[in-house]
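Read off the chains here:
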Amino acid sequence: MALTCCVKSCSNGSYWLKKWKSQLCDVCGCLHKEKLCSCEPPFRLFTFPTKIKNPERREKWKQLVGRSVGSKLWSPPKDSRICSRHFIGGEPTLQNQLPTLHMGYEGAEKRVKRMTLFEATKHKPTKKAYAKVECTLPQQDIVFAEPIYASDPEVESMPKPKLTVPWIFTILALFLGLCNLLSDQKKKIAKLQAEVDSLKKTVNHLKHKVYCENIITTDSDTSFYTGMPSKGIFNKLHAFISPFVNRRWTGLVSVSKNVRKFKLSRFGPSRKLTSKSEFLMMLMKLRLGLLNKDLAKRFDISETLCSRIFFSWLRATSTALKSMVYIPEEESLIGSKPLRYRQLHDLHSIIDCTEIFIETPKDMYLQSATWSDYKHHNTLKILVSCAPNSSIVYVSPAYLGRISDKALTLDCGYLDMVPFNKMVMADKGFNISNECAERNITLKTRTFPNVNVEKTKRIANLRILIEQVIRRLKTFRILANELPISLVGHIDDIVTVCAAVSNLKEPIYK
């Protein structure tokens, strides 16, 4: 149900409040809807007084709104509100109970003045007022009535009875007073306890915020801890990715209309880390290859929470940055081609396979399927393709380490993405000349040194770019070190994020 302001020419409503809450705060750096944000909303919505508690004030609000249905006075529905823009001081108070500002129709000022004067003159005369009137009468006009019967002297001489309160009522009054005092003290203690809890949360938030601000102070620190070239890029990527990390459950498709759907707020306990600290922790794990226990000690959280934060941010970052690893248009490739590659007009990309060490699986079949005779270790293999400007244009899904380079290239379908009449450079292990010929693609590989030494040397000097790109990719130590079995299922997201961040760096050759 959308709540709207019922005053004419006023468009304030709950839609704009929700839109404001989903925006980033310029002061705190977080979303407006989070508890840590102390910014005031642009306006507030107030409900009409009810018919049971305050019917008179409800009728006055309806009259001041100035709406009508035919010849009858308009009655507000459940979703009608009046925003703070129409109240003096921004809210209804004891002094200003009626909406009097910006009512949006002709004659509103006259109606407001008439209603205000009526409120000012609506006071019944009190006893003091009657006393003042009696004192203003002249002394001659006051007539005193004499008593008809004389007073009884015996009655006047009798002692007046004294009012005595039983002791049980005195004790009961003391007991009630002590109970009220204890109740007030309990309320004060609860209020102070709530303030203490709030201050503790603020201290923890500031502690993590200070840690994040202290650890990346310069561009050099940002490059070392996150792999990004500058702190400005880190802040912009965080602002772009952070709205996708909040968990929102939109509900199941059901025939029942009474299914609960949670869309607006984040349920559960409040965050122990700021959004920027969580983003930094995920990048530190990728860049430095740190273990969860080390990160948990650094950020003062549990290992379980550290793992959950890492996987949540990894999925969101991979989804947001996978568009940065793409095959560009032909004009872009020609315009960004370095000087040393301009003699090869048809060169499209350079490809090579790289292997990532993993822990030894327990399953015997997986041990055999992931064993690499070249590395003498259990590995996963991926195909990496780079453009002449040293940007990564394609990363294949991870395959078991026993697969050959030719089988991997044909299975991932990269050759189908290369345009016709283009050249692809590869190592001599890629025996795919027939497959490239079927697709009108020129394959340029190294020949044996005893055949043509100069040609082999020239091709090797040009093909060395893919080795440099892979070495830059493996500056993320999570790919250079042995990958735990728990992360093997997320290897595609990890490689995508690392490749996208590598593309943010300057080209190797200009």
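Going by what an unreviewed UniProt entry lists, the protein is known as THAP-type domain-containing protein and is assigned to Mya arenaria. Under the UniProt heading Cofactor (unreviewed entry), the entry covering the protein gives this text: "a divalent metal cation".

Chemist: Describe the packing of aromatic side chains, listing the residues and the values that go with them.
Modeler: Each aromatic ring pair is described using two quantities: the centre-to-centre distance and the angle formed by the ring planes. Here the structure, examined in full by the defined rule, presents 11 aromatic pairs. Their ring planes at 40 degrees and their centres at 5.4 Å tell us that Phe 279 and Trp 313 sit as a pair that is tilted. Of this pair, Phe 279 sits in helix H9 (residues 275–288) while Trp 313 sits in helix H11 (residues 303–321), placing them 34 residues apart in sequence. Take Trp 313: its relative accessible area is 1%, and that puts it in the buried class. Joined through ring pairs, the aromatic side chains of Phe 46, Phe 48, Trp 61, Trp 74 and Phe 87 make up one cluster. Its guanidinium or amino end placed over the ring of Phe 310, Lys 285 lies 5.4 Å from that ring's centre, counting from NZ or CZ. In this structure, Arg 340 packs its charged tip against the face of Tyr 509, placed 4.3 Å from the ring centre.

Chemist: Tell me what's going on with the environment of Thr 222, and back it up with residues and numbers.
Modeler: Residue position: Thr 222 is located in helix H7 (residues 219–226). Given the relative accessible area of 0%, Thr 222 is considered buried. The spacing of Thr 222 and Gly 232 is 10 residues in sequence and 9.4 Å in space, taken between C-alpha atoms. Not counting residues up to four positions away in its chain, the partners in contact with Thr 222 are Ile 216, Gly 227, Met 228, Ser 230, Lys 231 and Phe 234. From its side chain, Thr 222 meets the backbone oxygen of Thr 218 in a polar contact 2.9 Å long.

Chemist: Could you give me a rundown of the packing of H9 against H11, with the residues and numbers involved?
Modeler: At a closest axis distance of 9 Å, the pairing of H9 and H11 adopts a crossing angle of 85 degrees. The angle between H9 and H11 falls in the class roughly perpendicular. The residues of H11 that touch H9, namely those facing Ser 275, Glu 278, Phe 279, Met 281, Met 282, Lys 285 and Leu 286, are Cys 306, Ile 309, Phe 310, Trp 313, Leu 314 and Thr 317. Broken down by class, the residue content of the contact of H9 with H11 amounts to 9 nonpolar, 2 polar and 2 charged.

Chemist: Kindly report on the pairing of strand S12 (residues 441–444), identifying the contributing residues and their values.
Modeler: Pairing geometry for strand S11 (residues 422–425) and S12, over 4 bridges, is parallel. Each residue of the ladder has a partner; that of Lys 422, found in S12, is Ile 441. Read from S11 through helix H15 (residues 433–438) to S12, the crossover connection turns out right-handed.

Rules used in this analysis
- Residues numbered from 1 in each chain as written.
- Predicted model: local features only at pLDDT ≥ 70, side-chain atom pairs only at ≥ 80, totals over all residues.
- Heavy atoms only, no water.
- UniProt positions renumbered as here; feature names shortened; annotations may be inferred.
- Phe/Tyr/Trp six-rings, centres within 6.5 Å; stacked < 30°, edge-to-face > 60°.
- Helix = DSSP H or I, 4+ residues; strand = E, 2+ residues; numbered from the N terminus.
- Buried < 20%, exposed > 50% of the residue type's maximum accessible area, 1.4 Å probe, protein only.
- Lys NZ or Arg CZ within 6 Å of the ring centre and 35° of its normal.
- Contact = heavy atoms within 4.5 Å.
- Polar contact = N/O pair within 3.5 Å; in protein donor to acceptor, adjacent residues only side chain to side chain.
- Axes fitted to C-alpha atoms, helices over the stretch in contact; angles between N-to-C directions.
- Parallel < 35°, antiparallel > 145°, perpendicular 65-115°, else oblique.
- Nonpolar A, V, L, I, M, F, W, Y, C, P; charged D, E, K, R; others polar.
- Pairing = 2+ DSSP bridges.
- Right-handed = clockwise from strand over helix to strand, strands pointing away.

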